[in-house]
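Chain and residue survey
Letter by letter, the chains look like this.
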Amino acid sequence: MNFVIVRSFDNYIDANITLGRLQSEGVQGFLRDEYTVTIDPILSNAIGGIKLTVREQDAPKAMELLEGFDREKRAFFKCPNCGSNDVEFISTSRKASNWFSAILSFLIGSYAIAPNKVYHCFNCGHEFKELNNNGDSQSDGQ
Ligand SMILES: [Zn+2]
């Protein structure tokens, strides 16, 4: 069976959330080099970060889903300080259980935020606990 890399991440949380969402859509995949990146973030530049890898036959569907996630994310995450959409939901403690709850809250479209997690704006560096968006949850298909 052949596997192809559909995306690379430098963020452990984001990689796991995305993998979890793909799996919930029936796409089987796994993360490569995840361990190396977590241990040594500097090395992640050299090896291209955490690689999201899927079965070759699932790649077109995975790419399509990823585009949808990106669109959804841009609409969903917005920095209250500068208005940039270059915002990531990150954990400040990075415990194993945190990404799982992050996946859950992402999947159910909830704004529930556990302690130790913040939104970080990569444009201005602002960090904030809650999204001050227009408040609608963008969940389609329900
Ligand atoms: Zn900002």
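Just so we're clear, the structure is a prediction, and the values are computed from it rather than from any experiment. Along every chain, residues carry numbers that run from 1 in the direction the sequence is written. Since the coordinates come from a predicted model, pLDDT governs what is reported: local features require at least 70, and pairs of side-chain atoms require 80 or more to be given and counted, while whole-chain, interface and lining totals use all residues. Each side-chain value is worked out from all heavy atoms of the structure, with water and hydrogens disregarded.

Looking now at the coordination of the zinc ion. Ligating atoms shown are N, O and S within 2.8 Å of the metal, or 3.2 Å for Na, K and Ca, and water is not included, meaning a site may look less than complete. The zinc ion binds to the protein through Cys-79 (SG), Cys-82 (SG), Cys-121 (SG) and Cys-124 (SG); the donor distances cover 2.3 Å. For the zinc ion, the four donor atoms in the first shell make angles of 105 to 114 degrees at the metal, so the coordination geometry reads as tetrahedral. Read N to C, the donor residues that coordinate the zinc ion are spaced as C-x2-C-x38-C-x2-C. Of the two residues, Cys-79 is situated in the loop between helix H4 (59–76) and strand S4 (87–91) and Cys-121 in strand S5 (residues 117–121); the sequence distance between them amounts to 42 residues. Each member of the pair, Cys-79 together with Cys-121, is buried. Geometry is assigned from donor-metal-donor angles: four donors are tetrahedral when every angle falls between 85 and 135 degrees, four are square planar and six octahedral when opposite donors sit over 155 degrees apart with all other angles between 65 and 115, and any other arrangement is irregular. Secondary structure elements follow DSSP: runs of H or I of four or more residues count as helices, runs of E of two or more count as strands, with numbering from the N terminus. Any residue under 20% of the maximum accessible area for its type is buried, any over 50% is exposed, and the rest in between are partly exposed; the area is computed with a 1.4 Å probe on protein chains only.

With that settled, the discussion passes to helix H1 (residues 12–24). In this model, H1 (13 residues) spans 18 Å end to end at C-alpha, consistent with the 18 Å of a helix rising 1.5 Å per residue. Of all the residues in H1, the buried ones are Tyr-12, Ile-13, Asp-14, Ala-15, Asn-16, Ile-17, Thr-18, Leu-19, Gly-20, Arg-21 and Leu-22. Any helix carries an expected span of 1.5 Å times its number of residues minus one.

Overall, antiparallel pairing links the three strands, which are arranged S4-S5-S6 in an open sheet. For this open sheet the edge positions go to S4 and strand S6 (127–128), each flanked by a neighbour on one side alone. Both S4 and S5 contribute to a ladder of five bridges, which runs antiparallel. If you follow Phe-89 over to S5, its bridge partner there is Tyr-119. Paired strands are those between which DSSP finds at least two bridges.

Moving on, we come to a nonpolar patch on the surface. There is a patch of nonpolar side chains on the surface, built from Met-1, Phe-3 and Phe-30 and spanning about 330 Å² of accessible area. Within the secondary structure layout, Phe-30 lies in strand S2 (residues 29–32). Overall, Phe-30 belongs to the partly exposed group, its relative accessible area being 34%. Two joining distances apply to patches: 9 Å for like charges and 5 Å for nonpolar side chains (Val, Leu, Ile, Met, Phe, Trp, Tyr), and every residue must have over 30% relative accessible area and no salt bridge. Working definition of accessibility: Shrake-Rupley area with a 1.4 Å probe, residue cover restricted to the visible protein chains. Salt bridges are defined as contacts in which a side-chain nitrogen from Lys or Arg sits within 4 Å of a carboxyl oxygen from Asp or Glu.

This brings us to the layout of surface pockets. What the second largest pocket holds in volume is close to 380 Å³. Cavity means a closed set of points on a 1 Å grid over the protein atoms alone, one where a 1.4 Å probe fits but cannot get out, pocket means an open set with protein on both sides within 12 Å along at least 5 of 7 lines, and lining means a residue has an atom within 4 Å of a point. Around the second largest pocket, the lining comprises 19 residues; the ones closest to its centre are Arg-7, Phe-9, Asp-14, Lys-73 and Glu-88. Each residue belonging to the lining of the second largest pocket can be placed in one class, and the counts come to six nonpolar, four polar and nine charged. Grid points are joined across faces, edges and corners, and a volume is the space filled by probe spheres set on the points. Note that Gly is not counted as nonpolar here; it falls among the polar residues with everything else outside the nonpolar set of Ala, Val, Leu, Ile, Met, Phe, Trp, Tyr, Cys and Pro and the charged set of Asp, Glu, Lys and Arg.

Moving on: the confidence of the model for the chain. Here the chain averages 76 in pLDDT, and 65% of its residues register 70 or above. This model gives residues 110–114 a pLDDT under 50, and the stretch forms eleven contacts once residues within four places in sequence are excluded. Per-residue confidence from the predictor is reported as pLDDT, a score between 0 and 100. Two residues qualify as a contact provided that any one of their heavy atoms is within 4.5 Å of a heavy atom in the partner residue. Note that pLDDT drops below 50 for residues 134–142; the model gives that stretch seven contacts with residues more than four away or on any other chain.

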